[in-house]
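Secondary and tertiary structure notes
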Amino acid sequence: MSEATPGPGFRPRAALAMSPDAAAAVLDPETLRAFGTVCELAPPPVLDDLTTERARSVLADVDLLITGWGCPPLDASVLHAAPRLRAVVHTAGSVRGHVTDACWERGIEVSSAAAANAVPVAEYTLGMILLTGKRVLERAREYRASRDRGDWLRTPRGVGNYHRTVGILSASLIGRRVIELLRPHDVEVLLHDPYVDDAAAAGLGVRRVELPELFARCDTVSVHTPLLPTTRGLVDRSLIDAMPHGAVLINTSRGAVVDQEALTDAVLAGRIRAVLDVTDPEVLPPHHPLWDCENALITPHLAGSQGNEWRRLADLALAETTRWASGSGFLYPVRRERLAFIA
């Protein structure tokens, strides 16, 4: 076995570990050729079952795994079959589903494309903040039904985005990106994050508030907190009931962060509106009342990277692989001690 280490001239042996569908979506032929110039890729098919004889043969020789959606857990038995494995480059966001304690204990370096995946989620969020502030969807629906523009000079003063108050729940990668995208707009941004103090919030250009104030004060609250044991059901009935009449709750995080029953009650009552890219459960049952509620917009978990946005994930993973192979280390490392704060 080679004892070569990352540095000039090092060409690691690598394998793709993800579902075939994920590989086909994220890694187009051009990208695969580019990876092939940086590392020695194991030939297809990709590894989506790490217990097979072929998988064990491939794992025995790899320095690096390029993972994606559908990658099986990299547990102790897998690592035993991969004695040379030193690094994992993930072509998606969260690594919770496949990077296990055994990886950290072995000292395997991990990188994730979470920063790239945050971009379209933040763009979706910004779009929904502005669209709901202007009540675009409701007014378009009324226009279609009436074919009459109506008296636009009688538009209620609650419609519009000038001096709207937007609340961001958690200064995660995505939450910070949303804050950044909101800067050119005439809105006040409040933040709740227990790990961000007043000075750090001021550095982001926002004001830190406690959780009850965030929901009571804001015209729109956007949820960006990861799902952890401590955040399950965090947005509970008392917070939802405290939201101003006509306020909007946007959730692009995880459905279980929000009390789904309490949210449903508030939306069906017409007290608040909701934009839900995630629900609990996901997908909602076919006859769930939110499907037919005009105050709720439900999208199929599409805020994250899709279509041409997958290329951004691949480009970041390729750049990370190139850096690691050259000995420069990862620009976007995932640290074990930070897992409690990230999705």
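This text goes with the structure placed above it.
We now turn to the structure provided with this report. Note that this is a predicted model, so its numbers are computed, not measured.

What to know about the sheet that holds strand 4 (residues 87-90)
By definition, the strands of a sheet pair up through backbone hydrogen bonds, in either a parallel or an antiparallel sense. Here we have five strands laid out as an open sheet, ordered 2-1-3-4-5, and parallel in their pairing. What marks the edges here is a single partner per strand, and that holds for strand 2 (40-41) and strand 5 (109-112). Relative to strand 3 (residues 64-67), strand 1 (residues 13-17) is paired through four bridges, and the arrangement is parallel. Opposite L16, over in strand 3, you have I66 as the bridge partner. Across the sheet, helix 13 (residues 310-326) lies against strand 3, strand 4 and strand 5, angled at about 160 degrees from strand 4, the strand it touches most.

Details of the side chain of E320
Tracing the chain through its elements places E320 in helix 13. Summary of buried charges: E320 has no salt-bridge partner, and the nearest side chain of opposite charge, R323, is 4.1 Å away. For E320, the residues in contact, after removing those within four places along its chain, are V89, S111, F330, L331, Y332 and P333.

Focus: the sheet that holds strand 9 (residues 220-223)
Strands sit in the order 8-7-6-9-10-11-12 across an open sheet of seven strands; the sheet is parallel. Edge strands, defined here as strands with exactly one partner in the open sheet, are strand 8 (207-208) and strand 12 (296-298). In terms of strand pairing, strand 6 (residues 164-169) meets strand 9 through four bridges, oriented parallel. Across the sheet, residue V166 finds its bridge partner in strand 9, namely T220. Along the sheet, helix 8 (residues 173-182) makes contact with strand 6 and strand 7 (187-192), crossing strand 6 at roughly 160 degrees. In the packing of helix 12 (residues 260-268) onto the sheet, the strands contacted are strand 10 (248-251), strand 11 (273-276) and strand 12, and the crossing angle to strand 11 comes to about 135 degrees.

Criteria and cut-off values
- Residues numbered from 1 in each chain as written.
- Predicted model: local features only at pLDDT ≥ 70, side-chain atom pairs only at ≥ 80, totals over all residues.
- Heavy atoms only, no water.
- Pairing = 2+ DSSP bridges.
- Helix = DSSP H or I, 4+ residues; strand = E, 2+ residues; numbered from the N terminus.
- Contact = heavy atoms within 4.5 Å.
- Axes fitted to C-alpha atoms, helices over the stretch in contact; angles between N-to-C directions.
- Buried < 20%, exposed > 50% of the residue type's maximum accessible area, 1.4 Å probe, protein only.
- Lys, Arg positive; Asp, Glu negative; His and termini not counted.
- Salt bridge = Lys/Arg side-chain N within 4 Å of Asp/Glu carboxyl O.

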